[in-house]
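# Chains, contacts and geometry: an overview
Listed below are the residues making up each chain.
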Amino acid sequence: MRKQRRSRAAGAPNDDRRQVRVHVAVVYGLLALVGFLMLLLWSILNHQSFELKAEHRATLEEELPSIVALTRGSLIEGNLIEIGQNGEFFDRLLPDLLSAKETIHVETYVWWTGDICRRVAEVLAAKAKEGVEVRLLVDWAGGQKLERDLESMMLDGGVEIARFHPPSLRAIGRFNARTHRKVIVLDGRLGYVFGHGFADEWTGHAQDREHYRDTFARVRGPLVNQLQGVFFENWLEVTRKLPFGEQYFPTIEPAGEVEAHVAYISSTGDVSAIEVLYYGVIASATREVVIQNPYFVAEGLGLELFKQAVARGVSVKVMLPSVESTDNAIVQHASHRHFEDLLAAGVEIYEYDRTLLHQKVIVVDRLWSSIGSANFDDRSFELNDEVQLGVVDPGIARQLIAAWEDDLRFARRIDLEEWRRRDWWHRLKDRLAYSINEQL
């Protein structure tokens with residue numbers, strides 16, 4: 001018994017030392033974890049900034065080939081492009097889905113709930129059962145509301161469904177990078193580029209707060225090959241399946257007379273093609289820049305380009321949703337941070353109050369227009385995967401300007417002096433929201 005007591009007594013210091021070592025190891029582990037998370041946060045917040053020679057030297061028409069080339073795109077002739085608004089998107093899309101013979105490819109950020117989600121899912125499942133190759137790529141975060149019974153119905157029918165960037169330790173550094181692209185390609189010959197989500201909010205005609213305002217483009221012609229490439233870039237990343245074949249990239253004869261191009265970005269850390277596109281066309285404008293965008297945070301180079309445009313006689317008009325009508329009030333408060341600078345420079349700012357204004361439209365000199373998924377903020381420029389269709393056609397520009405003028409019925413122009421008198425609480429919310437604008 002005495003030997004056992006002495007043995008226990010002798011072992012006690014060793015046990016204490018082991019406990020100390022364990023505690024030290026835990027502390028070091030926690031410090032390493034904190035360091036890793038700080039490094040991760042730094043890498044996410046780290047800007048890939050660039051300088052743009054912003055002095056105006058030529059017209060948009062002269063500069064556009066350079067701008068398109070710098071976005072790694074090319075101007076393609078021979079396209080037929082139709083512009084549509086609001087719930088007309090589904091009125092056009094559903095018959096086109098039913099007419100597909102070989103392939104249906106859909107990439108979207110939002111898939112929520114509602115009758116339209118069931119209708120689209122039923123069509124996709126039915127077409128897959130007919131033997132059509134149906135692929136649906138949904139962002140993991142934006143598709144959280146995809147109902148299990150609809151997903152099961154589509155999978156049972158033969159639809160291939162993939163989620164973009166689901167949570168995993170191996171890909172923790174990219175979890176905040178989402179696909180915000182909205183693109184559809186049917187039979188490799190018909191494409192859609194749009195701002196809509198798959199939810200009942202995008203049906204109707206923007207008649208109330210439950211039905212959003214949005215714009216889409218329906219594309220036929222050789223440009224569809226580029227839209228197919230946009231879809232397959234992310235499909236390949238997620239599934240590791242490399243597609244080849246005439247059914248995906250057919251030789252497409254001209255379908256119209258419109259010249260167009262595609263700009264798209266991936267969250268790779270490179271300089272953003274969308275940012276280059278937006279800044280390039282603003283720097284080249286000679287007459288007018290008209291923008292409708294739900295999340296508009298102009299800063300740095302973008303802010304300077306707007307000021308320079310107005311100074312050389314360009315009319316610059318921006319429309320975005322009001323704080324009351326948006327689905328994300330924090331983003332709108334972040335956008336307010338530089339309103340005073342923009343208004344003082346002569347930029348016209350309008351707040352649309354009828355419902356969420358969600359289209360991502362820009363028209364420059366009533367010649368070139370763009371429709372797509374990209375917001376005018378750091379998240380779309382630096383974190384999200386996005387796609388924008390660029391169109392060189394005065395007729396398309398007129399259609400989009402007409403839609404803008406119709407939307408003015410439900411918008412209020414912001415007055416500079418009134419804006420300067422906003423209360424301290426509003427100013428504080430603007431500052432706090434702007435401090436995290438890159439992650440909004």
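Here the structure is shown first, and the text comes after it.
Described in the following lines is the structure provided in the data block. (Residues numbered from 1 in each chain as written. Predicted model: local features only at pLDDT ≥ 70, side-chain atom pairs only at ≥ 80, totals over all residues. Heavy atoms only, no water.)

### Concerning the overall build of the protein
- Per the secondary structure count, the protein includes 14 helices and 15 strands.
- Counting every position in the protein, which comprises 440 residues, the buried fraction comes to 52%.
- Of the contacts formed within the protein by residues at least 6 apart in sequence, a portion of 82% connects residues at least 24 apart. (Helix = DSSP H or I, 4+ residues; strand = E, 2+ residues; numbered from the N terminus. Buried < 20%, exposed > 50% of the residue type's maximum accessible area, 1.4 Å probe, protein only. Contact = heavy atoms within 4.5 Å.)

### Some remarks on a nonpolar patch on the surface
- On the surface, a cluster of nonpolar side chains totalling about 480 Å² of accessible area is made up of W424, W425, L428 and L432.
- Summarising the element assignment, L428 is placed in helix α14 (residues 424–434). (Patch = residues over 30% accessible without salt bridge, like charges linked within 9 Å, V, L, I, M, F, W, Y side chains within 5 Å. Areas by Shrake-Rupley, 256 points an atom, 1.4 Å probe, with all protein chains shown as cover. Salt bridge = Lys/Arg side-chain N within 4 Å of Asp/Glu carboxyl O.)

### What about the pattern of salt bridges?
- Within the structure shown, the criterion is met by 20 salt bridges.
- As a salt-bridge pair, E82 and R92 come within 3.5 Å of each other at their nearest N and O atoms. Here E82, found in strand β1 (residues 76–85), pairs with R92, found in helix α3 (residues 88–99); they are 10 residues apart in sequence, far enough to count as distant.
- With a relative accessible area of 26%, E82 lands in the partly exposed category.
- Among the residues examined, R92 registers a relative accessible area of 26% and is labelled partly exposed.
- Where D96 meets R218, a salt bridge forms, and the shortest distance between an N and an O atom there is 2.9 Å.

### Topic: the environment of L356
- Tracing the chain through its elements places L356 in the loop between β11 (348–352) and β12 (360–364).
- Considered as a pair, L356 and E324 are 32 residues apart in the sequence and their alpha carbons are 8.9 Å apart.
- Residues in contact with L356, not counting those within four places in the same chain, are Y212, R213, P294, P321, S325, T326 and D327.

Read these as spatial facts, not as claims about activity.
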